[in-house]
Amino acid sequence: MKQITIIDYGSGNVLSAQKSFIKVAKENNIETKVIISNNLFEIKKSTHLVLPGQGSFSTCMNGLKKKPGLIDELYNFAIVRKKPFLGICVGMQMLASDSKENGYHKGLGWIEGTIKPLPNKNLKMPHMGWNIVKPLKESNLISTSMDYYFVHSYYFDCINKENKLAETQYGISFASIVAKENIYGVQFHPEKSSSQGLNLIKNFVS
Amino acid sequence: MVKVRIIPCLDVKDGRVVKGINFLDLVDAGDPVEQAKHYSENGADEICFLDISASLENRDTMINVVRKTAEEVFIPLTVGGGISSLDNIKSLLKAGADKISINSSAINNPNIIKKSSEYFGNQCIVVAVDAKKNKNDWFVYSHGGTINTGLFALDWIEKLQKLGAGEILLTSMDKDGTKSGFDLDLLAKVSKISKIPVIASGGVGKLHHFYDGVVKGKADALLAASVFHFNEISIKEVKDYLIKKDIKIRI
């Protein structure tokens, strides 16, 4: 029996994420519990962790820091024990070393890179809507170019190109999926990206 | 590049879907969760619920509708209608809505745009603008299109962007329910001054109206109700038509 835990630290719409994982499990006969929690014991016994994130980078980082021991437990899960970890949107951005959103803020630093504002170039901001995610290398997560749903104004500028698993064009080409071993981060919202989003979730869980 | 979005809008009253012609003559057209699911499975890029319930108690019904929808529908969901406080917004987002559309209360209290976009992020704050032409100017109407606020639509749209709105849902009161196409003149003027996405609404009746909305009106998204609800045009037909015309949309 698997246990997928969606980390609860006061960030926005985590219900949709939970429902999408439940839907995927049901449709694919995957035996799993899907819980929303910040309980360190529940996190420890999970098989998969999902870190959602909405709002500003610093608000999200502060939300994580507020719960004593949470960041250490996440580190233990993803870096020490190398278990499957998925960051979504700002949850993906927090994997970076740091962010330049409204000042300078340190991130978790698990995947080297900096969060920077998308260049304006007369494009509407935030980058909102469906856009192509193009895989740059083979992975379990996605195999073909498809549209996924984005809402963001900042992007993950990877230092090591091998961490850039997929890219998307919006004024510039940016990393829409980052990956390092067992750790994945998606800039878009798979839980809002219809059947292809659910498929990505299935690939992460399987 | 980001794709043009096709958004079916469901008017919901006391937990049931209805749709008015020129905001009058409501006709029952079913269960909102089932309809949202149907649209999501048939190519909708987003779903919009507009709550037109008259009483406060029935607004709680909407929260349940949103919660049930979030269990079945995995595309973005916008909810509007009668939203007047940060608490309203919070409870809808918590129930699974992705964006909140504010209309009359933003006119009465523009500060709600600023406060809510700072608190929840501007990506989830849509401001709905109902505009009607009077001589050579468009004016903003509130309360379901019944009250002329005296505000010039273009001035208001400039202001709401400064306040932190994330998107504009622009409805032409003159065109709504007429099936004679979007008010392209209004739409083009609004798109020109908008640094945030503009959703065009009101008047769509034929396939080429969708095309005109994108090409002539420069809309980022197209919203329609009756043509979809009464099966006059399907979302797939709209998308097939737009693809043929070289418009970038999600397949």
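Residues numbered from 1 in each chain as written. Chains lettered and ligands numbered in written order. Predicted model: local features only at pLDDT ≥ 70, side-chain atom pairs only at ≥ 80, totals over all residues. Heavy atoms only, no water.

Caption draft 1: Quick peek at the interface of chain A and chain B. Listed by partner, the interface residues are 27 residues for chain A and 35 residues for chain B. Buried surface at the junction of chain A and chain B, both sides included, amounts to about 2,400 Å², of which 57% is carbon and sulfur. Broken down residue by residue, the surface that chain A buries against chain B is led by Lys-124, Met-128 and Trp-130 of chain A, which jointly contribute 30%. Summed over the shared surface of chain A and chain B, the result is four salt bridges. Lys-3 of chain B serves as the salt-bridge partner of Asp-147 of chain A, at 2.7 Å between the closest nitrogen and oxygen. Put simply, chain A and chain B have nine residue pairs in polar contact (both at pLDDT 80 or more) between them. Counting residues per element, the ones that place at least two in the side of chain A that touches chain B are α1 (14-27), β8 (127-135), β9 (146-152), β11 (164-170) and α6 (194-205) of chain A. When residues in the side of chain A that touches chain B are grouped by element, the largest group, six residues, is from β8 of chain A. (Contact = heavy atoms within 4.5 Å. Buried area = accessible area lost by both parts, 1.4 Å probe. Salt bridge = Lys/Arg side-chain N within 4 Å of Asp/Glu carboxyl O. Polar contact = N/O pair within 3.5 Å; in protein donor to acceptor, adjacent residues only side chain to side chain. Helix = DSSP H or I, 4+ residues; strand = E, 2+ residues; numbered from the N terminus.)

Caption draft 2: Spatial organisation of the packing of aromatic side chains. Summed over the entire model, instances satisfying the criterion amount to eleven aromatic pairs over all chains. Here the aromatic rings of Tyr-155 of chain A and Phe-174 of chain A are separated by 6.5 Å at their centres, their planes lie at 50 degrees, and the arrangement is tilted. Within this pair, whereas Tyr-155 of chain A is found in strand β10 (residues 154-158), its partner Phe-174 of chain A is found in strand β12 (residues 172-180), the two being separated by 19 residues in sequence. The exposure classification of Tyr-155 of chain A matches that of Phe-174 of chain A, with both residues buried. Both rings, one in Tyr-184 of chain A and one in Phe-204 of chain A, keep their centres 6.4 Å apart while their planes meet at 90 degrees; by these two values the pair is edge-to-face. Of the two residues, Tyr-184 of chain A sits in strand β13 (residues 183-186) while Phe-204 of chain A sits in helix α6, which places them 20 residues apart along the sequence. Taking the relative accessible area as the measure of exposure, Phe-204 of chain A reaches 5% and is therefore buried. Above the face of the Trp-130 of chain A ring, Arg-250 of chain B is positioned so that its terminal group lies 3.8 Å from the ring centre. (Phe/Tyr/Trp six-rings, centres within 6.5 Å; stacked < 30°, edge-to-face > 60°. Buried < 20%, exposed > 50% of the residue type's maximum accessible area, 1.4 Å probe, protein only. Lys NZ or Arg CZ within 6 Å of the ring centre and 35° of its normal.)

Caption draft 3: Layout of the sheet that holds β8 of chain A. All names here are of chain A. Strand order across the open sheet formed by nine strands is β2-β1-β3-β4-β13-β12-β11-β8-β9, with mixed pairing between neighbours. Only two strands of the sheet have a single partner each, and these edge strands are β2 (32-37) and β9. Across the sheet, the mean angle from the axis of one strand to that of its neighbour is 25 degrees, orientation sign disregarded. Pairing of strand β1 (residues 2-7) with β2 involves six bridges; the strand directions are parallel. Paired with Lys-2 across the two strands is Thr-32, which belongs to β2. Here α6 sits on the sheet in contact with β1, β3 (48-51), β4 (85-88), β8, β9, β12 and β13, set at roughly 90 degrees to β9. (Pairing = 2+ DSSP bridges. Axes fitted to C-alpha atoms, helices over the stretch in contact; angles between N-to-C directions.)

Caption draft 4: Representation of the sheet that holds β10 of chain A in the model. With respect to topology, four strands assemble into an open sheet ordered β6-β5-β7-β10 (chain A), the strand pairing being mixed. Two strands in the sheet have a free side with no partner beyond their single neighbour: β6 (105-106) and β10 of chain A.

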